Amino acid sequence: MADGERTDGFSQTTRTTPLKIVGGAAAAVVALVMLVFAGRDFLGTHYLSRYEKTRSEARSVQSALPVLERLLTTAETYSANPEISREAARLYVEMAKVESEAGNAEKRDALCDKAVAQYTLTLARNPIDAFAEFEMGMAYLYYNYPMLTYAEKSKLYFRRALALKPDDEFLNLNILFLYLTWWDDLTADEKAYATERLKAI
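All figures in this text were calculated on a predicted structure; none of them were measured in a lab.

Engineer: Break down the environment of valine 98 for me, citing the residues and quoting the values.
Structural biologist: Relative to the helices and strands, valine 98 is located in helix α3 (residues 82-101). As a C-alpha pair, valine 98 and valine 61 span 37 residues in sequence and 9.9 Å in three-dimensional space.

Structure representation (C-alpha cells):
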C-alpha cells in the first residue's frame, strides 16, 4: 500500500510535520545567506577589476590615487578577499616611495601607516601568505627612510616569510641580500641565521 492511500479506496493527504517545515525553512535561510555572500564577493571582485583597469589607464598612479583608493575601499566593503587589502597595501607602499623621493617625510610615513594596516588585515585573512609577510617587512623599511628605524620589525616579518616558504628562491635571495647589506650591524644570532639560510640554498 502506497503512502497516503487508504484501504477503503479513498486518498489520504499526507500531513507535513512541524519538523519538516522547520527543516525546509532552515535550508532556505542557508541558501539565502550563501547567495548574499556570493553576491558580495562578486561585487568585491568587480570593484577590484575596475581598480586594476583604472590603474592601467591612469597617466600616473599619484594623480589617480583618490579614485584608486575609493575603488579599493568599495571593494573591501563587499568582500573580505585578502587580495583586495594586499593590493591596497601595495598601492600605499608605492605612494610612500614617491613621497620619500620628493622629501615629504610626513606624507611618506602616513602612507606607510596605511600600508601596514592593510597588510595586517591581509595576514588576518590569510595567515599563511608568505609574500604578504615579506611585503610587510619591506613596508617597515620605508618609515623614516633611509634611517631604517624599524629594521628589527622588518627582520621579524622576513623570518616569518621564510618560515612559511623556506625554499622560495625569491624570498631567500631578497631577504639574504638585505641581511648581507646590514651585516656589520647584525647580532651574532642574526649572522648565524643568515649563514644557515645561505647554506640551505
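Engineer: Break down the nonpolar core for me, citing the residues and quoting the values.
Structural biologist: Ranked by internal contacts, the top residues of the largest apolar core, which has 31 residues, are Tyr51, Leu72, Leu91 and Met136. Counting only elements with at least two residues in this core, the list comes to α1 (18-57), α2 (61-78), α3, α4 (105-125) and α5 (130-141). Here this core takes eight residues from α3, the largest share from any one element. Other than its neighbours up to four places away in sequence, tyrosine 51 contacts Leu68, Leu71, Leu72, Glu87 and Leu91. Among the nonpolar cores identified, the runner-up in size contains 15 residues, and Phe158, Ala161, Leu162 and Ile175 belong to it.

Engineer: Residue-level account of the environment of glutamate 94, with values.
Structural biologist: Along the chain, the position of glutamate 94 falls in helix α3. A sequence separation of 21 residues divides glutamate 94 from alanine 115, and the C-alpha atoms of the two residues are 9.4 Å apart. The contacts of glutamate 94, once residues within four sequence positions are left out, are Arg55 and Val61.

Engineer: Residue-level account of unusual backbone geometry, with values.
Structural biologist: The peptide bond linking tyrosine 145 to proline 146 adopts the cis configuration, its omega dihedral lying at 10°. Here proline 146 shows up in the loop between α5 and α6 (151-164).

Engineer: So, the packing of α3 against α5: which residues are in play, and what are the values?
Structural biologist: Between α3 and α5, whose axes approach to 11 Å, the crossing angle comes to 25°. Between α3 and α5, the angle is such that the two are roughly parallel. Crossing hand, α3 versus α5: left-handed. In this structure, α3 contributes Arg86, Arg90 and Val93 to the contact, and α5 contributes Phe131, Ala132, Glu135 and Ala139. Class assignment for the residues of the contact of α3 with α5 results in four nonpolar, no polar and three charged.

Engineer: Break down the side chain of glutamate 133 for me, citing the residues and quoting the values.
Structural biologist: Examined against the element boundaries, glutamate 133 turns out to sit in helix α5. As a buried residue without a salt bridge, glutamate 133 has its nearest oppositely charged side chain in arginine 160, at a separation of 4.1 Å. Sequence-distant contacts of glutamate 133, defined by excluding residues within four places in its chain, comprise Leu123, Pro127, Tyr157, Arg160, Ala161 and Leu164.

The rules we used
Residues numbered from 1 in each chain as written. Predicted model: local features only at pLDDT ≥ 70, side-chain atom pairs only at ≥ 80, totals over all residues. Heavy atoms only, no water. Helix = DSSP H or I, 4+ residues; strand = E, 2+ residues; numbered from the N terminus. Core = buried A, V, L, I, M, F, W, Y, C linked by side-chain atoms within 4.5 Å. Buried < 20%, exposed > 50% of the residue type's maximum accessible area, 1.4 Å probe, protein only. Contact = heavy atoms within 4.5 Å. Axes fitted to C-alpha atoms, helices over the stretch in contact; angles between N-to-C directions. Parallel < 35°, antiparallel > 145°, perpendicular 65-115°, else oblique. Left-handed = near helix turned anticlockwise from the far one by under 90°. Nonpolar A, V, L, I, M, F, W, Y, C, P; charged D, E, K, R; others polar. Lys, Arg positive; Asp, Glu negative; His and termini not counted. Salt bridge = Lys/Arg side-chain N within 4 Å of Asp/Glu carboxyl O.

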